[in-house]
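Chain and residue survey
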Amino acid sequence: MKRELICIVCPRGCAMTVEGEKDNLTVVGNACPKGKQYAIDECTHPTRTVTSIVRVANRVDTMTSVKTEAPIPKEHIFDLLEKIRAIRVEAPVEAGTVVLPDVYGTNVVITKNVK
Ligand code: SF4
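Quick look at the structure, then. Along each chain, residues carry numbers from 1 onward, in the same order as the chain's sequence is written. Residues qualify for local features only when their pLDDT is at least 70, as the model is predicted, and side-chain atom pairs are given and counted only at 80 or more; totals for whole chains, interfaces and linings, by contrast, use all residues.

1. Details of the sheet that holds strand S6 (residues 63-68)
The five strands are arranged S8-S5-S6-S10-S9 in an open sheet whose pairing can be described as mixed. Each of the sheet's edge strands pairs with one partner strand only, and the pair in question is strand S8 (88-89) and strand S9 (98-103). One ladder, built from five bridges, connects strand S5 (residues 51-56) with S6; its direction is antiparallel. Directly across from Ile53, in S6, lies its bridge partner Ser65. Here, residue contact means that the backbone-derived C-beta atoms of the two residues sit within 7 Å. Angles shown run from 0 to 180 degrees and are taken between the N-to-C directions of axes, each axis being a line fitted to C-alpha atoms and, for helices, limited to the stretch in contact. A helix here means a DSSP run of H or I that spans at least four residues, while a strand means a run of E at least two residues long, and both kinds are numbered starting from the N terminus. On the sheet, helix H2 (residues 77-85) packs against S5, S6, S9 and strand S10 (106-110) and is oriented at approximately 145 degrees with respect to S9. Here the rule is simple: two strands pair whenever DSSP picks up at least two bridges between them.

2. Some details on the sheet that holds strand S1 (residues 2-6)
Taken in spatial order, the three strands line up as S1-S2-S3 in an open sheet, and their pairing is antiparallel. Either end of the sheet is taken by a strand with one partner, and the two such strands are S1 and strand S3 (24-28). Ignoring strand direction, the axes of neighbouring strands in this sheet form an average angle of 25 degrees.

3. A word on unusual backbone geometry
Note that the residue after Ala91, namely Pro92, is joined by a cis bond; omega there is 0 degrees. By secondary structure assignment, the location of Pro92 is in the loop between S8 and S9. Positive phi, normally seen in glycine, also occurs at Asp61, with a value near 50 degrees. The topology assignment puts Asp61 in the loop between S5 and S6. The backbone of Asp102 sits at a positive phi, close to 50 degrees, despite the residue not being glycine.

Shown next as structure tokens:
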């Protein structure tokens, strides 16, 4: 396997090449160890922080934003978005409020206050 990646851990955006098999990967192009770890994770078990929006039930045409507190496995993103789509919150609601607990190893929380 050979894969080209841009590191997204910091703004420098190092261009990296990953070669080898799952348990024996070689990474070149990274300027620091964080990039190497990112590349290995991306090739073995990619994860993403998921952001979305939810409806505020008692405010006409009002939405607020949510995100996962930690990255989740990439293969679960669409399942999670379906669960988020069903959520309705009631104003007032504050950033940090858990709206979907313990899902794929993390919580989904509000990121924008609604008064
Ligand atoms: S490899 Fe290191 S320096 Fe390069 S983008 Fe990733 S985190 Fe930044």
